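One letter stands for each residue in the lines below.
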Amino acid sequence: MLAGVAPEAACPAAFHAAAVLPYRPYCRVALRATYSDSTQTFVVTAGIAVLDRPGFSLHGSGRPATVRPAAFPGGPAARFGDRQYVTGVVLGSPGRYLVATAAGYADGRAYRPGDPVPSRLCAAARQVATSLHRALTR
């Protein structure tokens, strides 16, 4: 379920610095949207960086530097921010896009190193990133 779409932003504002470091000179603009699962337990922000030139493949999981979560008042993503994302995925490609996700709990609980990450949350982050990446690189 779509929680909201953020206005387009410069890449350094929409992504953690390390996520776009290899692309920084070529990153034109970033687009972000936040989604919740059907139970409104998890939220996932998906970000797409549009590049001026093709990038290279970059894959990650766990809690990498990734897209910055985008919160939206009045819904399941109201308390989703940098302290709340638990896991994420970053997918680069030989094309002109970088796709990244940041996923966490809708209740606003902060990430604590060592806490177990539910497989459903990891799967949601990977599924959203993979679907967007596939659509952009066909």
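Nothing here was measured: the structure is a model prediction, and the numbers come from that model. (Residues numbered from 1 in each chain as written. Predicted model: local features only at pLDDT ≥ 70, side-chain atom pairs only at ≥ 80, totals over all residues. Heavy atoms only, no water.)

Side note on the sheet that holds strand β1 (residues 2-5)
And then number 1: Spatial strand order, β1-β2-β3-β5-β4: five strands in an open sheet with antiparallel pairing. This sheet does not close on itself; its edge strands, each paired only once, are β1 and β4 (85-91). Across this sheet, the average inter-strand angle for adjacent strands is 20 degrees, counted without regard to direction.
And then number 2: Here β1 runs beside strand β2 (residues 27-36); their pairing, made up of three bridges, is antiparallel. Bridged to G4 within β2 is T34. (Pairing = 2+ DSSP bridges. Helix = DSSP H or I, 4+ residues; strand = E, 2+ residues; numbered from the N terminus. Axes fitted to C-alpha atoms, helices over the stretch in contact; angles between N-to-C directions.)

Side note on the confidence of the model for the protein
And then number 1: Confidence in the prediction of the protein, expressed as mean pLDDT, is 88, and 93% of residues score 70 or more.
And then number 2: Per-element confidence in the protein ranges from a low mean pLDDT of 83 for helix α2 (residues 17-20) to a high of 96 for β1. (pLDDT = per-residue confidence, 0-100.)

What about the pattern of salt bridges?
And then number 1: Applying the stated rule across the entire model yields five salt bridges.
And then number 2: The closest approach of N and O atoms between D52 and R28, which form a salt bridge, is 2.5 Å. Of this pair, D52 sits in the loop between β3 (42-51) and β4 while R28 sits in strand β2, and the two are 24 residues apart along the sequence.
And then number 3: Under the relative-accessibility criterion, D52 is labelled partly exposed at 35%. (Salt bridge = Lys/Arg side-chain N within 4 Å of Asp/Glu carboxyl O. Buried < 20%, exposed > 50% of the residue type's maximum accessible area, 1.4 Å probe, protein only.)

Notes on helix α3 (residues 119-136)
And then number 1: For α3, with 18 residues, the first-to-last C-alpha span of 26 Å sits near the 26 Å given by 1.5 Å per residue.
And then number 2: Those residues of α3 lying buried are L121, A125, A129 and H133. Projected down its long axis, α3 carries its buried residues within an arc of 90 degrees, all on one side. Turned more than 90 degrees away from the buried face of α3, the exposed residues are S119, R120, Q127 and A135.
And then number 3: Lining the buried residues of α3 we find β3, β4 and β5 (97-105). (Expected span 1.5 Å × (residues − 1). Arc of directions from axis to C-beta. Contact = heavy atoms within 4.5 Å.)

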